[in-house]
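One letter stands for each residue in the lines below.
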Amino acid sequence: MTPQEINETIAKWLGFEIDYSQEIKWYVFDNGIKITRLAYCPDFYHSFDECIKWIVPELDKRGYQVHIFFYLGAYSIEIYKEKYAYEYNNESLSTAFCEAVDKLIKDGG
C-alpha cells in the first residue's frame, strides 16, 4: 500500500469520515456524535505528533500497549494486547508506527 492509502486506512479506523458535499472535509466521530471537522486528514505516516495525538489514545482505549525501541539506526514499534504483537521496523518513527498499526487493522484490530 502507498503511504496515502495507509494514512486513509488509519483515519477510517479512527472514526474519521469524509463529507464530500463540502469540498472533502474530514469529520471525527465519537460514538456517532460529530466532534471535529478538519480541512485535511492528519498525515500520520509522516508526523509522529499526529500519531501521538490521534492513534495512541485509540490504541489505549482498545486495550493495546505500545513499545518503541531504537536499535542500529532504526525504530522498532511493537503494538500488543495480551500476547500477540504487531511489529514494524523503519528509520522513520512515524512510518514504523503507521506500518505496525496498518498490520493491526488488517488483522481486525
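To be clear, the structure that these remarks concern was listed above.
Overview of the structure.

What counts, and at which threshold
Counting restarts for each chain: residues are numbered from 1 in the order of the written sequence. Per-residue local features of the predicted model are confined to residues with pLDDT of at least 70, and side-chain atom pairs are confined, for both listing and counting, to 80 or more; whole-chain, interface and lining totals are unaffected and use all residues. To obtain the side-chain values, all non-hydrogen atoms of the structure were included, while hydrogens and water were left out. Axis definition: a line fitted to C-alpha atoms, limited for helices to the stretch in contact. Angles are taken between N-to-C directions and run from 0 to 180 degrees. Per the convention used, a helix needs a DSSP run of H or I reaching at least four residues, while a strand needs a run of E reaching at least two, with both numbered from the N terminus. An angle below 35 degrees is treated as roughly parallel, one above 145 as roughly antiparallel, one from 65 to 115 as roughly perpendicular, and anything else as oblique. Two helices cross in a left-handed way if the nearer one is turned anticlockwise from the farther one by less than a right angle. They cross in a right-handed way if the turn is clockwise. The contact definition used throughout considers only heavy atoms, calling two residues in contact when any of these lie within 4.5 Å. Three categories are distinguished: nonpolar for Ala, Val, Leu, Ile, Met, Phe, Trp, Tyr, Cys and Pro, charged for Asp, Glu, Lys and Arg, and polar for the others, with Gly belonging to the last. For Phe, Tyr and Trp, rings pair up if their centres lie within 6.5 Å, where Trp contributes its six-membered ring, and each pair is then called stacked (planes under 30 degrees apart), edge-to-face (over 60) or tilted (otherwise). Burial classification: accessible surface area is computed with a 1.4 Å probe over protein chains only, and a residue below 20% of its type maximum counts as buried, one above 50% as exposed, and the rest as partly exposed. When two cysteine sulfur atoms lie within 2.5 Å, the pair is treated as a disulfide. One requirement defines pairing of two strands: DSSP has to find at least two bridges between them. Grouping buried Ala, Val, Leu, Ile, Met, Phe, Trp, Tyr and Cys residues that are joined through side-chain atoms within 4.5 Å yields what is termed a nonpolar core. Only one rule defines a salt bridge in this text: a Lys or Arg side-chain nitrogen within 4 Å of an Asp or Glu carboxyl oxygen.

1. Focus: the packing of helix α1 (residues 3-14) against helix α3 (residues 93-106)
- Relative orientation of the contacting elements α1 and α3 amounts to 60°, with a least axis distance of 10 Å. Here α1 is positioned oblique relative to α3, judged by the angle of their axes. As for how α1 packs across α3, the hand of that crossing is left-handed. Contact residues: I6, T9, I10 and W13 in α1; C98, E99, V101, D102, L104 and I105 in α3.
- When grouped by side-chain class, the residues that make up the contact of α1 with α3 number 7 nonpolar, 1 polar and 2 charged.

2. Some details on the packing of aromatic side chains
- This model, assessed by the stated rule, comprises 4 aromatic pairs.
- Between F48 and F97, the aromatic rings sit 5.7 Å apart at their centres with planes inclined by 85°, giving edge-to-face as the arrangement. Here F97 lies in helix α3 and F48 lies in helix α2 (residues 48-61), a separation of 49 residues in the sequence.
- For F97, a relative accessible area of 0% translates into the label buried.

3. Quick notes on the state of the cysteines
- Here the structure, examined in full by the defined rule, presents 0 disulfides.
- You can see C51 has no disulfide; the closest cysteine sulfur is in C98, sitting 3.9 Å from it.
- On the basis of relative accessibility, which here comes to 0%, the residue C51 falls in the buried class.

4. Quick word on the pairing of strand β5 (residues 74-81)
- Direction of pairing for strand β4 (residues 65-71) relative to β5: antiparallel, over a ladder of 7 bridges. Its bridge partner being in β5, I68 is matched across the sheet by I77.
- Here β4 folds back onto β5, and the loop between the two strands holds 2 residues, one of which, L72, carries a positive phi near 55°.

5. A word on the nonpolar core
- In terms of nonpolar packing, the biggest core is built from 25 residues, with I10, F44, I55, L59, I79 and V101 touching the most fellow members.
- At the level of elements, α1, α2, β5 and α3 are the ones that each hand at least two residues to this core.
- Looking at this core, the element that brings in the most residues is α3, giving 8 residues.
- Once you skip the residues sitting within four places of it in the chain, I10 turns out to touch F44, I55, C98, V101 and I105.

6. Regarding the pattern of salt bridges
- One pass over the full model with this rule turns up 3 salt bridges.
- Residue K106 is joined to D102 by a salt bridge in which the shortest nitrogen-to-oxygen separation is 3.1 Å. One end of the pair is K106 and the other is D102, both in helix α3 and 4 residues apart, which spans about a single turn.
- Look at K106 and you get exposed, because its relative accessible area is 59%.
- Among the residues examined, D102 registers a relative accessible area of 3% and is labelled buried.
- Within this structure, E58, K61 and R62 form a network of salt bridges that share partners.

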